[in-house]
Every structure is written in C-alpha cells, then in structure tokens.
Amino acid sequence: MLEKGFWIRFATNEECAMQESTGFDGGMGELGLNIEGLLRRSARQLIQQAIEGEVQVLLEEYAAVRMVDGRRAVVRNGYLPEREILTAVGPVPVQVPKVRDRSGSGVVFRSSLVPPYVRKSRTVAAALPWLYLHGVSSGRMHEALSVLLGEEAKGLSPAVLGRLKVEWAQEHAQWQRRSLQGKRYAYWWADGVYTQLRAEDDPRMCLLVIIGVTAEGKKEVVAVTDGLRESKASWLEILRDLRDRGLQEAPLLAIGDGAMGFWAALDEIYPQTRHQRCWVHKTANILNELPKRLQGKAKAALQAIWMADTREAAEKAWQAFVRDYQAKYPRAVAKLEKDRDVLLTFFDFPAEHWRHIRSSNAIESTFATVRQRSSRTKNCVSRATFLGLSYKLIQQAERHWRGIQHPERLRELFAGVTFVDGMPANETRLDPQQDAA
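Residues numbered from 1 in each chain as written. Predicted model: local features only at pLDDT ≥ 70, side-chain atom pairs only at ≥ 80, totals over all residues. Heavy atoms only, no water.

Note the following rule: UniProt positions are given in the numbering used here, feature names are shortened, and annotations may be inferred rather than shown by experiment.
Taking an unreviewed UniProt entry as the reference, the chain is identified by name as Mutator family transposase belonging to Acidithiobacillus caldus. The chain has a UniProt comment under Sequence similarities (unreviewed entry) that states "Belongs to the transposase mutator family."

If you want it as structure tokens, here you go:
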C-alpha cells in the first residue's frame, strides 16, 4: 500500500494551458510520453547494478582465500544467459554473474534479487509511482526494490546499497572532470533547487544545474553541482570550472528566473551571452500580487505579450497591461517593468525556437523529479551521495529529452546572422493579417 502523500504533483489547469499554448519542451509531459519505457530501462539498470554489487560483496568475503600458488580461490566467471524477469513495469532483461571456486569447496553465487529459475517477481500496481519517486533515493532504495521485486529483495544487504551509492558518486565525479574542449552551446537553461536533504556541515543543500543546446540542436546536461543558496560565488565557481575545462565559446543565450546570482556570474565569465528571463516564473510572480478574481484576466493579458508575433505587438500588449493595472496594483506592474529588456530578448532569435527559450521549463521538470525524491530522504547525507543521486536521476531524464526544433537555424546564429522578430534580417516577414487572408 502506498504511503500517504506519495503521489506525483501535476500542474494546475492554468499551468497546463500555458505549457500547451507555448509548446514548451522538456516538461513533465515529455517524461510522460514514454514513462513505461523509461521505468523499464531504469529498472534494468537498477537491478543489474544491485546484482553486480551482490557478487562483489561475495568476492570480497572470500578475497583472503588463496590457492597454493597465491591466486584467489573464488573469482568471477562470466555471466549466465540473459533472462527476463516480469515486473510491474513489464519484462526486464537481466544477466546474473557466475563465480568459479578453484578450491572445490563449493562456493557459488546466488542472487537474492534474481534466484535461479525465478521468472516473475511478486509486485503490485504501486510499483510505477514508487519506482518513479524512489528510483535512486538514498534512504528508500531498499524499499523501492522491495516494491519492484517483492520478497526477493528482502535479502539485499546494506553493503550492496552502499556500494551502489558510492558507484553513482564516482560516476558523477568522473563526469565533472570531462573535457569540454571544442564544445559550443547556443542556449543554456540555468536554475537552482533547494531540497530537504541535509549535509553534516550545511543545513540545506542547493543543487545548481545547467542544461545546454549543442550546435547540433541536442539538449544535454552541462553542469550538476551544489552551491550556497544560488549565490554569485557558487555560480562563479561553476562557470570558471567550465571555462577551465575548455568551454571557451560563450553560449548565445541563457534562460532562467530573476532571483539567481547566476546572471552576475555570467556577465563576469561570459559577458557576450544575452539574457532571457523565464516567462513562467515571471507570470507566477506577477499573479501573486493580484487577487484571485483578476488572475485569469491578467494571465491572458501577460500571454498576449509573450505570444505576440512581433516586438512591436508585444510592446503594445505590455502598455495595455500597465494601463489596466498600474493604478490599483502597482506592485504587480513593478514586477513586470523591472525586467523589460530581458523578457523580450527572444524576439532576436529564431521564431522556431521561441517555444524553447521563453521559459526555463526544460530544466524545471528535472528539478521537479529531484524535489519529489529528495523530499522523501530527509536524513543527513554526504555531499558526494547527494550529487551522485541527483546526477543519476537527471541522467535518466536526459535520455528522453527531445532536441530543439529546426536545428538548422543554429548554423545561422553561429554564423552571425541577425534575427528581427524571429526572422533573419534579410528575409521579409509577412504581415499576419495578410498572411491569414
């Protein structure tokens, strides 16, 4: 039975309407497009890693047992034929390692997760949300495996779980040292998330993430690390590290909310990069200053700005919003006015990419996953464990990101082509009314 409150939070109707109207990629809907396939692949990796951890524990137990010639008596000896285990997320192929006992004392490896001849695990329908919420959760890993595999997971030792966490932390550390020589990014989405995870020396750990669009139009994770409350100093450390590992070319545009030290750090390390504030964050902040009875109308008025075909039309919609709300709700108008320049930057980039770059939704969905899982793990964890767990779940999401639409436009951007109202300056844009006629 699911523990109370263990349900995925879906967007409100208004939030869904905004995402549908803009066609933002990378959201929760993107993960949901093939959720069964995602879960099945995650389950396979999780089970296989757990089995590898089991056999390693056995080998370490007999590491001191030697033959007369000094060789280890118990060693690995390949794999058994691959077989499928039927789980709640469908059939999952696994390979169980074999060990060889040279001493003849009869040591064999029997996985507690996948015993011999077992072809079906005892699972419940709750496996789907539990695996999603606990797939790489530190404190609930054993619980997640128990739901996925039933009683077969009961014998999974803490040593195996600990080995998995260490392995993920090592993977993240190695990834953080990769060379970025020759890399170039057109767009960056940057954001930070506060979690309920606590480290021994920091009451709250802030995860800082950058997702980029390559010159080929592919989305990929650029940085995953921790920082001190999204401060400029924390972002400076990240950006300097990226530059020192070979990322000399500045991204053309960065997208994020307005409450980060990221922008000040970006101006110092990559001053050529232009800024675009997230319209989803901005809309939410403005609506918070208005009574609920006016929020629907105000949201439509804001949408008229960022859905405009031209900068001129957006400016007119902007002036209309200020006119309608300035007198009674000056704080709402002030929140809009303070970011005028960086809210309309997208007009200087290809219209085919506007749906991607008007918001930081591409990164928010991944952070929603981090929040959901880390909120269930409120015990103290090490910094390495925190980063390893976060890296693995973001890595899983990355496999299912769609590339940016019309990547050929990126070649024009990198070639220095100027865009006006989403079109190359040397192309004539049709009048919307004439085009409709």
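## Focus on the overall build of the chain
Counted only if it meets this: The helix count covers DSSP runs of H or I at least four residues long, the strand count covers runs of E at least two residues long, and both are numbered beginning at the N terminus. Buried residues are those whose accessible area, probed at 1.4 Å on protein chains only, stays under 20% of the maximum for their type, while exposed residues exceed 50% and partly exposed ones sit between those limits. When checking whether two residues touch, look at their non-hydrogen atoms; a contact exists if any pair is within 4.5 Å. A 1.4 Å probe and the Shrake-Rupley method give the accessible areas. Residues count as covered only by the protein chains that appear here.
Helices and strands together make up the secondary structure of the chain, namely 18 helices and eleven strands. Looking at the chain residue by residue over its 437 residues, the buried ones come to 51%. Excluding contacts between residues fewer than 6 apart, the proportion of contacts in the chain whose partners are at least 24 apart in sequence is 72%. Only carbon and sulfur atoms are counted for the fraction: they give 50% of the accessible area of the chain, which is about 20,900 Å².

## Let's talk about the packing of helix α9 (residues 279–287) against helix α12 (residues 330–337)
Cut-off, in case you're wondering: Note on geometry: axes are lines fitted to C-alpha atoms, helical ones only across the stretch in contact, with angles between N-to-C directions running from 0 to 180 degrees. Roughly parallel covers angles under 35 degrees, roughly antiparallel covers those over 145, roughly perpendicular covers 65 to 115, and oblique covers all other angles. Helix crossings get a hand from a simple test, with the near helix turned counterclockwise from the far one by less than a right angle marking a left-handed crossing and a clockwise turn marking a right-handed one.
Taken N-terminus to C-terminus, the directions of α9 and α12 make an angle of 165 degrees; their axes are 9 Å apart at the nearest point. Taken together, the axes of α9 and α12 lie roughly antiparallel to each other. Like other packed secondary-structure pairs, α9 and α12 cross with a definite hand, here right-handed. Mapping the contact onto sequence places W279, K282, N285 and I286 in α9 and A332, K335 and L336 in α12.

## Some points on the layout of surface pockets
To find leftover empty space, one rolls a probe the size of a water molecule over the atoms. Applicable threshold: Detection works on a 1 Å grid of protein atoms alone, calling trapped sets that fit a 1.4 Å probe cavities and calling open sets with protein on both sides within 12 Å along at least five of seven lines pockets, with lining residues defined by an atom within 4 Å of a point. Grid points are joined across faces, edges and corners, and a volume is the space filled by probe spheres set on the points. Residue classes follow a fixed rule: Ala, Val, Leu, Ile, Met, Phe, Trp, Tyr, Cys and Pro count as nonpolar, while Asp, Glu, Lys and Arg count as charged, and any other residue, Gly among them, counts as polar.
The volume enclosed by the second largest pocket comes to roughly 270 Å³. Q176, T225, D226, E237 and R383 are the residues nearest the centre of the second largest pocket, which is lined by 16 residues in total. Listing elements by their share of the lining of the second largest pocket, those giving two or more residues are α6 (158–176), β7 (219–227), α7 (232–244) and α16 (383–398). The biggest single contributor to the lining of the second largest pocket is α7, with five residues. Here the lining of the second largest pocket is built from residues that sort into seven nonpolar, four polar and five charged.

## Brief notes about the pattern of salt bridges
Note on pairing: side chains with opposite charge can pair once their charged atoms come close. Cut-off, in case you're wondering: A pairing counts as a salt bridge when a side-chain nitrogen of Lys or Arg comes within 4 Å of a carboxyl oxygen of Asp or Glu.
Scanning the model with the defined rule gives 19 salt bridges in all. Measuring nitrogen to oxygen at the nearest pair gives 4.0 Å for the salt bridge that ties E289 to K335. Residue E289 is found in the loop between α9 and α10 (292–306), and its partner K335 is found in helix α12; the two are separated by 46 residues along the sequence. Using a relative accessible area of 23% as the deciding quantity, one classes E289 as partly exposed. On the basis of relative accessible area, K335 is assigned to the partly exposed category, the value being 28%. One salt-bridge network, in which partners are shared between bridges, spans K232, R240 and E268.

## Thoughts on α16
One turn of the α-helix equals 3.6 residues, which is why residues spaced by three or four share an orientation. Which entries qualify depends on this criterion: To estimate the expected span of a helix, subtract one from its residue number and multiply by 1.5 Å.
Counted at 1.5 Å a residue, the expected span for α16 with its 16 residues is 22 Å, and the 22 Å between its end C-alpha atoms agrees. Among the 16 residues that make up α16, 13 are buried, leaving the element largely enclosed by the rest of the structure.

## Remarks on the side chain of D257
Put simply, the test is: Positive charges come from Lys and Arg, negative ones from Asp and Glu, while His and the chain ends are left out of the count.
Mapped onto the secondary structure, D257 falls in the loop between β8 (253–256) and α8 (262–269). For the buried residue D257, which engages in no salt bridge, the nearest side chain bearing the opposite charge is R277, 6.9 Å off. Look past the residues within four positions of D257 in its chain and what remains in contact with it is D191, W263, R277, C278 and H281.

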